[in-house]
Amino acid sequence: MSEKTKILIIGSSAAGFTCALTARKYNKDAEITLIRKEKKTPVPCGIPYVFGTIHDVEKNLMPDQALANNNIKLVIDEVKAINRERKTVSLLSGQEMDYDKLVLCTGSNPIKPPIPGIDLENVFFAKKDVEYLRQLLLKLETVKDVVIIGGGFIGVEFADEFRKRGLNVTIVELLPHCLQLAFDEEYCVMAEEKLRERGVHVITNNKAEEIIGKNGKVEGVRLASGEELKADIVFIGIGVRPETTLAQEAGLKIGEMRGIWVNEYMQTSDEDIFAAGDCAEKFSFFTNKPTGLRLASIAAREARIVGVNVYGLRRKNVGVIGSFATIIGDLGLGVAGLTEKAAKDAGFDVVIGTATAPDKHPGTMPNCKTLKVKLVFDRNTKAIIGGEVAGGSTTAELTNIISTMIERKMTMDEVATFQYGTHPAFTCSPVTYPIAFAAEDAIQKA
Ligand SMILES: Cc1cc2nc3c(=O)[nH]c(=O)nc-3n(C[C@H](O)[C@H](O)[C@H](O)COP(=O)(O)OP(=O)(O)OC[C@H]3O[C@@H](n4cnc5c(N)ncnc54)[C@H](O)[C@@H]3O)c2cc1C
């Protein structure tokens, strides 16, 4: 391929942004263009924190200057169609742009459930749209009662942030527990206890049947149990749907979980078109089956694969492990790979190891928190396949260590003897280091 390869990337959030920067690292001369609909792109994972911590939509933006600094052209326009024969895209403005390699990073949109009343004024979603978020921020100045439909991580994070503003917040979750699709039950219970301690009213095992309104505006939510909750605002956080319109209209293959089908090199069914991030189909690291997990960390990782493969197929996608953390008040919760339940559901015979330790040493150090670790091993291979962490500010990075161990398929013995560093102010004690301790616990039970 010539030095002046034309790379066109649609979408400029976690996937598109990372893909452009990666592609630049591997070719100083390529013509790299990023097209996106919106003038400004919010940092997606920062969105909840706009409402109780940052208090300003403008302080949660993707750093566009990095594009200019790396000679990446940014076009603000909407792609309306892809012409695969001519290798061009047409834009809303009427312009046509050609490509050698096209990368679809078109992301996802919030699911709008078919609940009566969903179109009433003051029903909001976690839209990755600066103007929309500004409207929500303004609206919060004038309201008191908020009902959040959906107790997944987005609902929980918004609940905690809304509480920081002093709002009356209720979460309504259909499943027996909040965060149940991400964590094992004992971790969900910890999350719910913390939410309640922070003043969030948590209703589980119940369904929002109708959003009630008057004069076109939200007034409340009626539950399947018959209970009616007062609401000035209803916030919906029940998941996302991949944005695949362009791909579908261009005749690209769509996967079982509604994402754009990709092979292990992240190529779509057209070898000159790649896809990465929320719009792309995901395959499990453990079963190779399609999975619905969609995260910014996955998007960025896939984009790093594509950013290199646009110049020749070098990087392979080993499938999604899924490493993720959240925080409620001062309680950090993290998960990597399979939970005990998910592993059993997938047919694994599991061995569980657990450990609890102060996250600093000695435990009398200031701001010391209790850290809990649960590891899931495959009894047959002895390999680590999952882990959950609850603790303080080190939770997310401990979860990432576990994710790395999973990817390297480390055995119980290897996890028990892995080489780590410790310091009183930053980590658990070397003697009680909980990842190693949890592995030792599992070895005793295997
Ligand atoms: C509230 C919230 C909190 C989250 N927190 C976390 C977290 O803590 N950790 C984590 O890992 N993940 C988190 N996520 C998930 C994460 O946000 C997504 O996985 C991530 O945004 C996916 O990035 P993406 O680039 O694939 O797509 P998106 O962020 O959806 O971006 C898609 C881009 O494509 C553009 N686009 C689409 N169609 C067109 C078109 N036709 N023409 C031009 N441009 C187009 C859009 O304008 C946008 O720029 C969170 C999500 C939300 C909503």
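A brief structural summary.

Thresholds applied
Residues numbered from 1 in each chain as written. Predicted model: local features only at pLDDT ≥ 70, side-chain atom pairs only at ≥ 80, totals over all residues. Heavy atoms only, no water. Helix = DSSP H or I, 4+ residues; strand = E, 2+ residues; numbered from the N terminus. Rg over C-alpha atoms; globule rule 2.2 N^0.38 Å. Buried < 20%, exposed > 50% of the residue type's maximum accessible area, 1.4 Å probe, protein only. Areas by Shrake-Rupley, 256 points an atom, 1.4 Å probe, with all protein chains shown as cover. Lys, Arg positive; Asp, Glu negative; His and termini not counted. Charge placed at Lys NZ, Arg CZ, Asp CG, Glu CD. Arc of directions from axis to C-beta. Contact = heavy atoms within 4.5 Å. Core = buried A, V, L, I, M, F, W, Y, C linked by side-chain atoms within 4.5 Å. Near = heavy atom within 4 Å. Polar contact = N/O pair within 3.5 Å; in protein donor to acceptor, adjacent residues only side chain to side chain. Axes fitted to C-alpha atoms, helices over the stretch in contact; angles between N-to-C directions. Parallel < 35°, antiparallel > 145°, perpendicular 65-115°, else oblique. Left-handed = near helix turned anticlockwise from the far one by under 90°. Nonpolar A, V, L, I, M, F, W, Y, C, P; charged D, E, K, R; others polar. Pairing = 2+ DSSP bridges. Expected span 1.5 Å × (residues − 1). Phe/Tyr/Trp six-rings, centres within 6.5 Å; stacked < 30°, edge-to-face > 60°. Salt bridge = Lys/Arg side-chain N within 4 Å of Asp/Glu carboxyl O.

Each helix and strand counted, the protein chain has 11 helices and 25 strands in total. A globule of 446 residues ought to have a C-alpha radius of gyration of about 22 Å, and the protein chain, at 23 Å, matches this closely. Dimensions of the protein chain, computed from C-alpha atoms along their principal axes, come out at roughly 65 × 60 × 40 Å. Among the 446 residues that make up the protein chain, the fraction classed as buried is 52%. In the form shown here, the protein chain has an accessible surface area of approximately 19,900 Å², with 50% of it arising from carbon and sulfur atoms. Across the protein chain, the 55 positively charged side chains and the 58 negatively charged ones have centroids separated by 2 Å.

Take helix 3 (residues 130-140) next. Because an α-helix packs 3.6 residues into every turn, residues spaced three or four apart end up facing the same way. Taken residue by residue, helix 3 has Val 130, Tyr 132, Leu 133, Leu 136, Leu 137 and Leu 140 as its buried positions. All buried residues of helix 3 project into a common sector of 160° when viewed along the axis, lining one side. Where helix 3 is buried, its residues meet strand 9 (123-125), helix 4 (153-164) and strand 16 (233-236).

Residues Phe 51, Phe 162 and Ile 211 are the most contacted members of the largest nonpolar core, which totals 61 residues. Ranked by the residues each element gives to this core, the list is headed by helix 3, at 6 residues. Excluding residues that lie within four positions of it along the chain, Phe 51 makes contacts with Leu 133, Leu 136, Leu 137, Leu 140, Phe 158, Glu 161, Phe 162 and Arg 165. By size, the runner-up hydrophobic cluster in this structure holds 46 residues, among which are Cys 19, Leu 34, Leu 252 and Cys 279.

What follows deals with the site of the ligand. The ligand sits among 33 residues. The nearest are Ser 13, Ala 15, Glu 38, Lys 128 and Asp 278. Ala 296 is positioned such that a nitrogen or oxygen atom in its backbone is 3.0 Å from an oxygen atom of the ligand. Interatomic distance of 3.3 Å between a backbone N/O atom of Ser 297 and an oxygen atom of the ligand. Listed by contribution, the elements that provide at least two residues to the shell around the ligand are helix 1 (14-26), strand 2 (31-36), helix 4 and helix 7 (296-309).

Two elements in contact, helix 1 and helix 7, have axes whose closest approach is 7 Å; the angle formed by their N-to-C orientations is 30°. One way to sum up the angle between helix 1 and helix 7 is to call them roughly parallel. Our pair here, helix 1 against helix 7, has a crossing hand that is right-handed. Two secondary-structure elements touch here, helix 1 through Ala 14, Ala 15, Thr 18, Cys 19, Thr 22, Ala 23 and Tyr 26 and helix 7 through Ala 296, Ala 299, Ala 300, Ala 303, Arg 304, Val 306, Gly 307 and Val 308. Across the contact of helix 1 with helix 7, the residue classes tally to 11 nonpolar, 3 polar and 1 charged.

The next thing to look at is the side chain of Asp 160. Mapped onto the elements of the fold, Asp 160 is located in helix 4. Residue classification places Asp 160 among the buried residues on the basis of a relative accessible area of 3%. When neighbours within four sequence positions are excluded, Asp 160 is seen to be in contact with Arg 198, Ile 327, Ile 328 and Gly 329.

Moving on, we come to the sheet that holds strand 22 (residues 331-337). Within the open sheet, the 5 strands sit side by side as 21-22-25-24-23. Their pairing is antiparallel. On the outer flanks of this sheet lie strand 21 (323-328) and strand 23 (350-358), each paired with one strand and no other. Averaged over all neighbouring strand pairs, the angle between strand axes comes to 10°, with direction disregarded. Lying on the sheet, helix 11 (residues 434-445) is in contact with strand 23 and strand 24 (370-378); it crosses strand 23 at an angle near 145°.

Here helix 5 (residues 185-197) spans 18 Å end to end across 13 residues, near enough to the 18 Å set by a 1.5 Å rise per residue. Turning to helix 5, its buried residues are Tyr 187, Cys 188, Met 190, Ala 191, Glu 192, Lys 194 and Leu 195. Taken from the residues just after helix 5, Gly 199 is the one with a positive phi, measuring 95°.

With that out of the way, let us pick up the packing of aromatic side chains. Note on aromatic pairs: each is described by the distance of the centres and the angle between the planes. Taken as a whole, this structure holds 12 aromatic pairs when the rule is applied. Residues Phe 183 and Tyr 187 carry aromatic rings whose centres are separated by 6.3 Å and whose planes lie at 10° to one another, so their mutual orientation is stacked. By the burial criterion, Phe 183 is buried, and Tyr 187 matches it. Ring pairing ties together the aromatic residues Phe 51, Phe 158, Phe 162 and Phe 235, which thus form one cluster.

Relative to the helices and strands, Asp 278 resides in the loop between strand 18 (273-275) and strand 19 (282-283). We classify Asp 278 as buried; its relative accessible area is 14%. A polar side-chain atom of Asp 278 sits 2.8 Å from a polar atom in the side chain of Ser 108. Beyond its immediate sequence surroundings of up to four residues, Asp 278 is in contact with Gly 107, Ser 108, Lys 128, Val 240, Pro 242, Arg 294 and Leu 295.

This part takes up the pairing of strand 4 (residues 79-83). The pairing of strand 4 with strand 5 (residues 88-91) spans 4 bridges and is antiparallel. Residue pairing in the sheet places Val 79 in a bridge with Leu 91 of strand 5.

Okay, the pattern of salt bridges next. What the rule picks out here adds up to 32 salt bridges. With its nearest N and O atoms 3.0 Å apart, the salt bridge here joins Lys 230 to Asp 145. One end of the pair, Lys 230, is in strand 15 (residues 228-230); the other, Asp 145, is in strand 10 (residues 145-149), with 85 residues separating them in the sequence. Take Lys 230: its relative accessible area is 56%, and that puts it in the exposed class. For Asp 145, a relative accessible area of 13% puts it in the buried group. Residues joined in a network through salt bridges with shared partners are Asp 184, Glu 186, Glu 340, Lys 344 and Lys 374.

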